Amino acid sequence: MEWTKHAIWWHLYPLGFTGAPVHGWDGESQADLHRLNRIENWLDYALELGASGIALGPIFESEKHGYDTVDYFHIDGRLGTDEDIDSLIAAAHSRGLTIMFDGVFNHVAQSFPKFQEALTEGADSEAAGWFHLDWSGEKPTHRNFEGHDELVALDHESPDVQQYVVDVLSHWLERGVDAWRLDAAYAVSPRFWAAVLPKVREKHPDAYFLGEVIHGDYDRIVSASTLDSVTQYELWKAVWSGLSELNFFELSHALERHNGWLDAFVPATFVGNHDVNRIASVIEDERHLLHALVVLFTVGGMPMIYYGDEQAFRGIKEDRVGGDDEVRPEYPDTSENLAPYGWPVYRVHQELIALRRRNPWLYSARTETLELTNTALLYRAHADGESLTVALNLGDDAIDYPVQGDEVLAGEADLHDGRVSVPPHGWAVIG
């Protein structure tokens, strides 16, 4: 798909972004407030950032946080109506922005109608075949997702479940959605996706499917599942820990492995999302935050920017009820209400995204480490006969290395006699 080669996503968690209630939601009192319309107000901001698409977290009717779906065919009342999402999609498309939906198909909420039907009608019912139910005790028990009993695992071998997911994916693609993030794809057998996705692609050949995969053999999963891509968590981890712990050896190793996956598919790259601590919180030395962005936008991949990261938001996840709230905050009504401290980071995003737009070959670029110490990394990104060099310095002294190139494309450095000098805690992109 040609359009994906230019995709840069601004990733939102809609319930948090719009200030919808996540805890204590009674299904009625906070409905009909048309919160999705607030996202429309930010589309121009996303364009000015340099994004080409909006990746929306869960927006379907759910019990609490969106990942406990009740009805996949209707918008959560806390966010608005089906007409509101049609309006948002149209507004995005009118600006040239694509839309990605988040589909949670590993599990459902306990109030999902088919699950309630199964409990009511018993073990021999058609609905019971949708789930892994054990009827041997006083009450039936179900397989859940990672110990969370409120999340009921679907039986992905069921033809009825497979057809249901085909129908959901197709329904929203027909209404204008361009791409899907498939939540917890790692928990689902690749056989399921291989049975579902080709049927969807028959009518929607340009649809893009991204699987959430945390670890494992990425290229095998992509091949067996027919997914277009998966989330590159290994590189995410190497970026923040390499910068936090002053260990570029880990990042260099991760970039080598990243090269291998690029031979099979182009991963979705990121330095933050709704499930992890904010990058600005885990990199304690503020001088090194921009280095993470440099890596994100100069290596092969499909970059995703989690809302707030472009403004240097901070936030830490905690293992408690409401522990995700700090990394899923509400945005103000307009960008004028954002804190002033974040705008310099926003402008660096713009600078690096513009660099990537001028060098679209970076989508599939491999990297080659040229110089490496704990606190200094020089690598070459290259593809299609094009290349640029990236220099990262975490140390208290300037670094000086031989380099090809005659122009500093971004960052701060001195070029002289075929060498680049980068100041302490600085970075530069040379072409």
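Residues numbered from 1 in each chain as written. Predicted model: local features only at pLDDT ≥ 70, side-chain atom pairs only at ≥ 80, totals over all residues. Heavy atoms only, no water.

> Hey, could you run me through the nonpolar core in this one?
Across soluble globular proteins, nonpolar side chains have a tendency to be buried as a group. Ranked by internal contacts, the top residues of the largest apolar core, which has 138 residues, are Trp10, Phe101 and Trp180. Of the residues forming this core, the biggest block, eight residues, is contributed by helix α6 (residues 159-174). In this structure, Ile399, Tyr401, Val420 and Val422 belong to the second largest nonpolar core, which totals 11 residues. (Core = buried A, V, L, I, M, F, W, Y, C linked by side-chain atoms within 4.5 Å. Buried < 20%, exposed > 50% of the residue type's maximum accessible area, 1.4 Å probe, protein only. Helix = DSSP H or I, 4+ residues; strand = E, 2+ residues; numbered from the N terminus.)

> What am I meant to see in the side chain of arginine 201 here?
Note on placement: arginine 201 falls in helix α7 (residues 190-201). A distance of 3.0 Å separates a polar atom in the side chain of arginine 201 from the backbone oxygen of threonine 226. The residues touching arginine 201, leaving out its near neighbours within four places in the chain, are Ala207, Phe209, Thr226, Leu227 and Asp228. (Polar contact = N/O pair within 3.5 Å; in protein donor to acceptor, adjacent residues only side chain to side chain. Contact = heavy atoms within 4.5 Å.)

> I would appreciate a short explanation of the packing of aromatic side chains in the present structure.
What characterises a pair of aromatic rings is the spacing of the ring centres plus the angle enclosed by the ring planes. Applying the stated criterion across every chain yields a total of 38 aromatic pairs. With a centroid separation of 5.2 Å and 20° between ring planes, the pair formed by tyrosine 72 and phenylalanine 105 is classed as stacked. Pair noted here: tyrosine 72 is in strand β4 (residues 69-75) and phenylalanine 105 is in the loop between β5 (98-104) and β6 (107-109), with a separation of 33 residues, a long-range link. Comparing tyrosine 72 with phenylalanine 105, the two get one shared label, buried. A connected cluster of aromatic rings, assembled from ring pairs, spans Trp10, Phe17, Trp42, Tyr45, Tyr306, Tyr307, Phe313, Tyr331, Trp343 and Tyr346. Over the aromatic face of tyrosine 307 sits the side chain of arginine 278, whose NZ or CZ is 5.6 Å from the ring centroid. The ring of tyrosine 13 has arginine 328 lying over it, and the distance from NZ or CZ to the ring centre is 4.6 Å. (Phe/Tyr/Trp six-rings, centres within 6.5 Å; stacked < 30°, edge-to-face > 60°. Lys NZ or Arg CZ within 6 Å of the ring centre and 35° of its normal.)

> Explain the sheet that holds strand β16 (residues 366-372) here, please?
Two strands in a sheet stick together by hydrogen bonds in their backbones, pointing the same way (parallel) or opposite ways (antiparallel). With antiparallel pairing, the five strands of this open sheet are ordered in space as β16-β17-β18-β23-β20. Edge positions in the open sheet fall to β16 and β20 (408-411), since each of these has one partner strand only. Averaged over all neighbouring strand pairs, the angle between strand axes comes to 20°, with direction disregarded. Bridging between β20 and strand β23 (residues 427-430) involves three bridges; their strand directions are antiparallel. Across the sheet, valine 408 pairs through a bridge with isoleucine 430, a residue of β23. The strands that helix α12 (residues 289-298) touches are β17 (376-383), β18 (386-393) and β23; relative to β18, the one it contacts most, it runs at about 165°. On top of the sheet, helix α13 (residues 343-358) reaches β20 and β23; it is set at about 150° to β20, its chief contact. (Pairing = 2+ DSSP bridges. Axes fitted to C-alpha atoms, helices over the stretch in contact; angles between N-to-C directions.)

> Any chance you could explain empty space enclosed by the protein here in plain terms?
Leftover empty space is mapped by rolling, across the atoms, a probe with the size of a water molecule. Enumeration according to the criterion identifies two cavities of 30 Å³ or more in this entry. Reported here for the largest cavity is a volume of approximately 90 Å³. Surrounding the largest cavity, His11, Arg181, Leu210, Glu212, Thr231, Tyr233, Phe270, Gly272, Asn273, His274 and Met304 form its lining. In the lining of the largest cavity, the residues fall into four nonpolar, five polar and two charged. Approximately 40 Å³ is the volume found for the second largest cavity. Along the walls of the second largest cavity sit Leu235, Val239, Thr269, Phe270, Val271, Ala292, Val295 and Leu296, which together make up its complete lining. Of all the elements, α12 adds the most residues to the lining of the second largest cavity, at three residues. (1 Å grid on protein atoms, 1.4 Å probe; cavity = no way out; pocket = protein on both sides within 12 Å on 5 of 7 lines; lining within 4 Å. Points joined across faces, edges and corners; volume = space filled by probe spheres on them. Nonpolar A, V, L, I, M, F, W, Y, C, P; charged D, E, K, R; others polar.)

> What should I look at first to understand the sheet that holds strand β22 (residues 419-422) in this one?
The three strands are arranged β19-β22-β21 in an open sheet whose pairing can be described as antiparallel. The outermost strands of the open sheet, each flanked by one partner alone, are β19 (399-402) and β21 (414-416). Within this sheet the neighbouring strands show an average axis-to-axis angle of 20°, counted without direction. Relative to β22, β19 runs antiparallel, the two sharing four bridges. Bridge pairing links aspartate 400 to serine 421 in β22.

> How do you make sense of unusual backbone geometry when you look at a structure like this?
Most peptide bonds adopt trans geometry, and most residues besides glycine take a negative phi value. Of note in this structure, glutamate 146 is not a glycine but carries a positive phi near 50°. Position of glutamate 146 relative to the elements: it lies in the loop between β9 (144-145) and β10 (148-153). When its relative accessible area of 53% is taken as the criterion, glutamate 146 is described as exposed. At aspartate 417, a residue that is not glycine, the phi angle is positive and equals roughly 50°. As for its placement among the helices and strands, aspartate 417 is situated in the loop between β21 and β22. The exposure class assigned to aspartate 417 is exposed, which follows from its relative accessible area of 77%.

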